[in-house]
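Results of the structural survey
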Amino acid sequence: MSLNRREFLKRSTATCAALTAMRMGGGGLFRPASAAASGLPGSLGAAEVTSVCEMCFWRCPIVGKVKDGKLVKIEGNPKSPVNGTRVCARGNSGVQLVYDPDRVKYPMKRKGARGEGKWVRITWDEALDEIAHNIQKVKKQYGPHALAYFDHGASAENMRGIFKALGTENYTGEPAFFQCVGPAALAYLNTVGYITTGTRQYNDMGHAKAILLIGSHLGENIHVSHIREYIQGLSNGAKLVVVDPRFSAAANKADIYLPIRPGTDTALLLAWINHVISHNLYDKDFVANHCQGFDDLKAATKNYSMDWAARVCDLKVPDMVAAIELLAKASPNVNIHPGRHSTWYGKGDVGRHQSQAILTALFGAVGVPGGIYFPTKVKKGKAECAEAEAEEIQPPKVSLKEGKYPFSAPFGTVTADTIKAIITGKPYPVKLLGVNGVNIIQTIPNPYETMKAINNLDFIFCEDIMAGETAAWSDIVLPGAVYLERYDAVYSYDGLTPYLTVRQPVVPALYEAKSPYWIAKNLAKRLNIKGYTCDKEEDFIEEELKAAGLSLAKLHAEGGIVTYPGKPYRDRNELEIGTDSGKVNLAVEEFASKGLDAVPKFIPAPAPPKGYTRLIYGRSPVHTFSRTMNNEWLHHEEPENRLWLNDEVAKHLGIKDDEVVTLENQDGKRSLPIKVLVTPGIRPDAVYMTHGFGSRSPLLSRAYKKGAADGFMMTNTIEDPYMGATSKRTNFVRIVKDKKVLAIPELRPVPREIPYFKSKRA
Ligand code: SF4
């Protein structure tokens with residue numbers, strides 16, 4: 001597609017904003033909306049307040065039950081077309097987030113060394129004065145670009161407005177994009193014209209006749225409506241193909257499971273594309289009328305044979321053929337899941353997701369039941385009174401973005417580049433960092449570099465609810481209100497059944513926690529930044545609702561949600577593909593114009609060096625990254641992670657199930673102790689752990705040093721050449737038991753196409 005950068009930025013903004021952060025306001029007011037002590041069984045005789053969950057980014061509509069001023073239970077909003085009365089374990093446990101004794105309760109100032117976690121309590125005035133003083137000092141001494149801001153979640157945009165108004169290009173190096181969804185978003189945007197992996201995923205598993213999951217471990221990775229659609233599809237008889245080096249929860253349900261060699265997924269996809277074309281399994285009408293680049297695709301993939309892929313991927317040809325033919329038979333009602341977390345190997349991550357999008361198009365699975373579908377936008381207004389007044393940002397003489405990544409994100413600068421600039425002072429010094437709602441020491445790979453960067457700063461402050469590692473390293477910590485204690489921007493859902501709803505306080509904010517809007521407004525005043533003119537936080541909600549012909553009162557009367565008719569599917573003659581050409585790009589000329597591949601190529605990820613195995617990671621159904629680890633109920637369900645170790649490898653090493661080991665990576669970094677799960681359910685050339693454990697913040701009494709953190713084993717990262725995302729599966733470990741380092745045997749031969757990783761220590 002001939003999308004230029006400006007167009008990419010423009011189109012991405014809406015989805016990326018939805019991905020990461022809805023502009024939000026705060027809530028100090030307790031005004032239960034649809035309070036109705038029904039007295040029905042299960043109601044607990046409590047007042048019911050509708051709101052929106054944020055125990056993860058999925059934002060399920062909920063009802064909070066409040067008795068004697070205390071939140072006692074959370075359920076799904078029965079009017080919600082996506083989750084009904086259901087919430088997941090984390091959604092339920094929002095109660096414990098509010099009442100977690102380790103919450104950041106007051107503004108705090110660091111007393112000991114960075115990371116030591118020693119604090120003194122200060123007043124809000126003192127905290128905001130000190131932040132404003134340091135911002136002004138750094139800006140005056142080094143210029144506006146010396147200020148940087150990392151954020152995530154619905155609490156981010158108020159403060160982001162301040163950094164934009166201060167004139168820095170570093171207004172967000174956002175881990176949710178650069179360490180997660182970025183490559184997948186870019187691939188789909190440039191192939192089918194829109195991002196299928198926003199806060200919502202526009203893939204219609206509920207109506208699919210077959211589903212392909214590549215590394216998506218649904219069931220362990222849980223988002224309520226997404227899982228419901230997946231289960232609906234399977235219950236209706238959809239066939240399931242799962243590609244994963246690990247026998248995941250999804251693999252357990254698969255009709256065909258392909259235990260692929262890590263790092264070779266694109267080889268499999270390209271061989272499948274070749275097979276689909278050469279065996280005439282593609283949708284000729286769709287390709288002829290709605291795609292461009294078919295001849296280029298055919299020529300570029302013709303040498304990727306099944307025999308070749310079988311050797312590279314360590315799979316069997318009959319299984320690979322059976323899988324693709326099963327998917328082809330279901331077309332066009334076939335769901336090639338676009339994936340989400342896509343920062344695996346750096347080079348090749350965009351190409352992998354591009355291949356998934358191409359396969360989707362070859363099957364004609366665009367805008368049809370079971371395929372990827374089109375979002376239906378719900379109209380809502382813009383609340384200008386909740387924004388900072390900002391001039392256009394004047395770029396520095398040499399921008400961090402300069403000539404590096406032709407398809408980088410629409411916002412701010414690349415996470416890895418900002419960290420490097422803080423450490424090196426090049427191309428300009430970055431001396432102050434604001435962090436909001438994200439634990440960058442756990443989230444950005446190579447925490448050692450992140451900590452080094454923090455030590456190079458003149459000043460760092462963070463706004464958060466729980467004091468993870470990043471808070472422990474901050475100079476000032478601000479207590480943010482929990483999502484159940486504040487307003488946020490009106491939330492419009494653009495999935496199969498669109499709706500509009502509002503996050504609002506279920507209980508008043510505890511301690512001295514303040515809403516993000518309050519914090520931004522009061523900091524802006526000190527920095528002479530204009531804007532943030534809403535008198536009270538309901539004002540911006542009312543402003544946004546007005547454009548939809550609604551008000552808070554009307555929304556409350558509707559039970560907190562208004563639904564609209566959706567138009568997810570399109571007849572072929574009314575298909576509007578959102579690319580410049582109006583066609584699906586089977587070859588992306590815009591990529592080629594920047595010296596990148598128009599059609600994906602297989603770029604092998606180096607194999608583990610001798611004696612090591614690859615570290616892979618994933619999600620827990622009861623935790624959201626590191627941020628729920630201290631939650632009493634969730635900690636009870638899963639207090640620590642375990643290291644999945646292949647049973648044959650374990651036998652060679654003399655390691656038994658439940659033994660405690662540590663890991664040492666290729667650069668000699670050691671993990672915290674972790675228990676082993678000996679299982680045939682993982683390949684011998686990989687070990688696996690769930691992400692988010694192994695907290696090193698002494699301020700989290702339950703989570704501290706429970707399990708091991710995958711991020712602390714990541715010191716080798718590769719940046720994606722398209723948009724600068726950072727790889728997270730390019731690190732290798734060996735096992736340390738009883739102080740003895742054990743070399744991992746190579747039980748699966750590595751083919752000649754795959755080079756070994758060159759380790760200085762192997
Ligand atoms: S999936 Fe669970 S944690 Fe995420 S928003 Fe929904 S209920 Fe909350």
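Nothing here was measured: the structure is a model prediction, and the numbers come from that model.

Describing the packing of aromatic side chains
For the structure on display, the rule yields 24 aromatic pairs. The interplanar angle of 15° and the centroid separation of 4.8 Å between the aromatic rings of Y149 and F163 together place this pair among those described as stacked. Residue Y149 is found in strand 6 (residues 147-151), and its partner F163 is found in helix 5 (residues 157-166); the two are separated by 14 residues along the sequence. Here Y149 falls in the buried class, since its relative accessible area comes to 0%.

Digging into the layout of surface pockets
A volume near 330 Å³ is recorded for the second largest pocket. Considering the residues around the second largest pocket, the lining is formed by 18 residues, among which P259, D314, K316, R683 and R748 are closest to the centre. Across the lining of the second largest pocket, the residue classes break down as 9 nonpolar, 2 polar and 7 charged.

Section: the site of the ligand
Taken together, C53, M55, C56, W58, R59, C60, V87, C88, R90, G91, H223 and V224 make up the full set of residues adjacent to the ligand. Along the lines of polarity and charge, the residues of the shell around the ligand split into 8 nonpolar, 2 polar and 2 charged.

Notes on empty space enclosed by the protein
All told, the structure shown has 5 cavities of 30 Å³ or more when counted by the stated rule. Roughly 140 Å³ of volume is contained in the second largest cavity. As for the second largest cavity, its lining consists of 16 residues, and the residues nearest its centre are G215, D244, P245, I616 and R729. Top element by residues in the lining of the second largest cavity is strand 19 (residues 613-618). It accounts for 3 residues. In terms of residue class, the lining of the second largest cavity is built from 8 nonpolar, 4 polar and 4 charged. Shared between two domains, the lining of the second largest cavity takes at least three residues from each, and those domains are domain 3 (203-373) and domain 4 (613-742).

Let's talk about the confidence of the model for the chain
Considering every residue of the chain, the mean pLDDT works out to 92; 94% of them sit at 70 or more. For residues 1-41, every residue scores under 50 in pLDDT, and the model assigns this stretch 154 contacts once sequence neighbours within four places are set aside.

Looking at unusual backbone geometry
Note the cis peptide between S331 and P332, where omega equals 5°. The residue P332 is located in the loop between helix 12 (317-330) and strand 11 (334-336) in this model. The omega angle of the peptide bond from K426 to P427 is 5°, so this bond is cis rather than trans. With respect to the secondary-structure elements, P427 resides in the loop between helix 14 (415-424) and strand 12 (432-436). Phi is positive for D314, which is not a glycine, with a value near 60°. Since its relative accessible area comes to 18%, D314 is described here as buried. A positive phi is found at K705, a non-glycine position, where the angle reads about 60°.

So, the state of the cysteines
In total, this model carries 1 disulfide according to the counting rule given. Across the disulfide, C385 is cross-linked to C534 (sulfur-sulfur distance 1.9 Å). Across the S-S bond of C385 and C534 the torsion is about 85°, and the bridge reads as right-handed. Residue C385 is located in the loop between helix 13 (349-362) and helix 14, and its partner C534 is located in the loop between helix 18 (516-526) and helix 19 (537-546); the two are separated by 149 residues in the primary sequence.

Structural notes on helix 7 (residues 224-235)
For helix 7, spanning 12 residues, the distance from its first C-alpha to its last is 16 Å, which sits close to the expected 16 Å at 1.5 Å a residue. All buried positions along helix 7 are accounted for by V224, S225, H226, I227, E229, Y230, G233 and L234. Looking at the packing, one finds that the buried side of helix 7 touches strand 7 (210-214) and strand 8 (239-243). Once helix 7 finishes, G237 follows within two positions and takes phi at roughly 100°, a positive value.

Re the sheet that holds strand 12
Taking strand neighbours across the sheet as the criterion, the 6 strands line up as 5-4-14-13-12-6 in an open arrangement whose pairing is mixed. Unpaired on one side and paired on the other, strand 5 (119-121) and strand 6 mark the two borders of the sheet. Averaged over all pairs of adjacent strands, the angle between strand axes in this sheet comes to 20°, irrespective of strand direction. When strand 4 (residues 108-110) meets strand 14 (residues 476-479), the two strands line up antiparallel, connected through 2 bridges. If you follow K109 over to strand 14, its bridge partner there is I476. Sheet strands touched by helix 5: strand 6, strand 12 and strand 13 (459-464). Its angle to strand 6, the strand with the most contacts, is close to 155°.

Brief notes about the packing of helix 6 (residues 175-192) against helix 13
Two elements in contact, helix 6 and helix 13, have axes whose closest approach is 8 Å; the angle formed by their N-to-C orientations is 40°. One finds that helix 6 runs oblique with respect to helix 13. For the crossing formed where helix 6 meets helix 13, the hand is right-handed. In this structure, helix 6 uses P183, A184, L186, A187, Y188 and T191 to contact helix 13, whose residues at the interface are D349, V350, H353, Q354, Q356, A357, I358 and T360. Split by residue class, the contact of helix 6 with helix 13 holds 8 nonpolar, 5 polar and 1 charged.

Examining the sheet that holds strand 3 (residues 70-76)
Taken together, 3 strands build an open sheet; the order of strands is 1-2-3 and the sheet is antiparallel. Strands at the two margins of the open sheet, each flanked by one partner only, are strand 1 (47-52) and strand 3. Between one strand axis and the next, the sheet turns by 30° as a mean value, whatever way the strands run. Bridging between strand 1 and strand 2 (residues 61-67) involves 6 bridges; their strand directions are antiparallel. Within strand 2, the residue paired with V52 across the bridge is P61.

Structural notes on the domain arrangement of the chain
We note that the domain assignment places domain 1 (47-98), domain 2 (104-177 + 380-563), domain 3 (203-373) and domain 4 (613-742) within the chain. Placing a centre on the C-alpha atoms of domain 1 and another on those of domain 4 gives a separation of 31 Å. Tallying the contact residues gives 11 residues for domain 1 and 12 residues for domain 4. Here domain 1 packs against domain 4, burying approximately 900 Å² in sum over the two surfaces, 55% of which is carbon and sulfur. Here domain 1 and domain 4 share 0 salt bridges between them. Run the count over domain 1 and domain 4 and you get 4 residue pairs in polar contact (both at pLDDT 80 or more). Mapped onto the side of domain 1 that touches domain 4, the elements with two or more residues apiece are helix 2 (89-92) and helix 3 (94-98).

Points about the pairing of strand 13
With 6 of 6 residues buried, strand 13 lies mostly within the body of the structure. Across 4 bridges, strand 13 lies against strand 14 in parallel orientation. Counterpart to F461 in the pairing with strand 14 is I476.

Points about the nonpolar core
Counting 72 residues, the largest nonpolar core has L268, W272, L327, L359, L362, F363 and L586 as its most contacted members. A domain-level breakdown of this core finds at least three residues from each of domain 2 (104-177 + 380-563) and domain 3 (203-373). Not counting residues within four places of it along the chain, the set of residues in contact with F363 comprises V276, L281, D283, I324, L327, A328, S331, P332, V334 and I336. The next biggest cluster of nonpolar side chains, apart from the first, holds 69 residues, and it includes L128, F177, L550 and A725.

Rules and cut-offs
- Residues numbered from 1 in each chain as written.
- Predicted model: local features only at pLDDT ≥ 70, side-chain atom pairs only at ≥ 80, totals over all residues.
- Heavy atoms only, no water.
- Phe/Tyr/Trp six-rings, centres within 6.5 Å; stacked < 30°, edge-to-face > 60°.
- Helix = DSSP H or I, 4+ residues; strand = E, 2+ residues; numbered from the N terminus.
- Buried < 20%, exposed > 50% of the residue type's maximum accessible area, 1.4 Å probe, protein only.
- 1 Å grid on protein atoms, 1.4 Å probe; cavity = no way out; pocket = protein on both sides within 12 Å on 5 of 7 lines; lining within 4 Å.
- Points joined across faces, edges and corners; volume = space filled by probe spheres on them.
- Nonpolar A, V, L, I, M, F, W, Y, C, P; charged D, E, K, R; others polar.
- Near = heavy atom within 4 Å.
- Domains from an automatic or database assignment.
- pLDDT = per-residue confidence, 0-100.
- Contact = heavy atoms within 4.5 Å.
- Disulfide = S-S within 2.5 Å.
- Expected span 1.5 Å × (residues − 1).
- Pairing = 2+ DSSP bridges.
- Axes fitted to C-alpha atoms, helices over the stretch in contact; angles between N-to-C directions.
- Parallel < 35°, antiparallel > 145°, perpendicular 65-115°, else oblique.
- Left-handed = near helix turned anticlockwise from the far one by under 90°.
- Buried area = accessible area lost by both parts, 1.4 Å probe.
- Salt bridge = Lys/Arg side-chain N within 4 Å of Asp/Glu carboxyl O.
- Polar contact = N/O pair within 3.5 Å; in protein donor to acceptor, adjacent residues only side chain to side chain.
- Core = buried A, V, L, I, M, F, W, Y, C linked by side-chain atoms within 4.5 Å.

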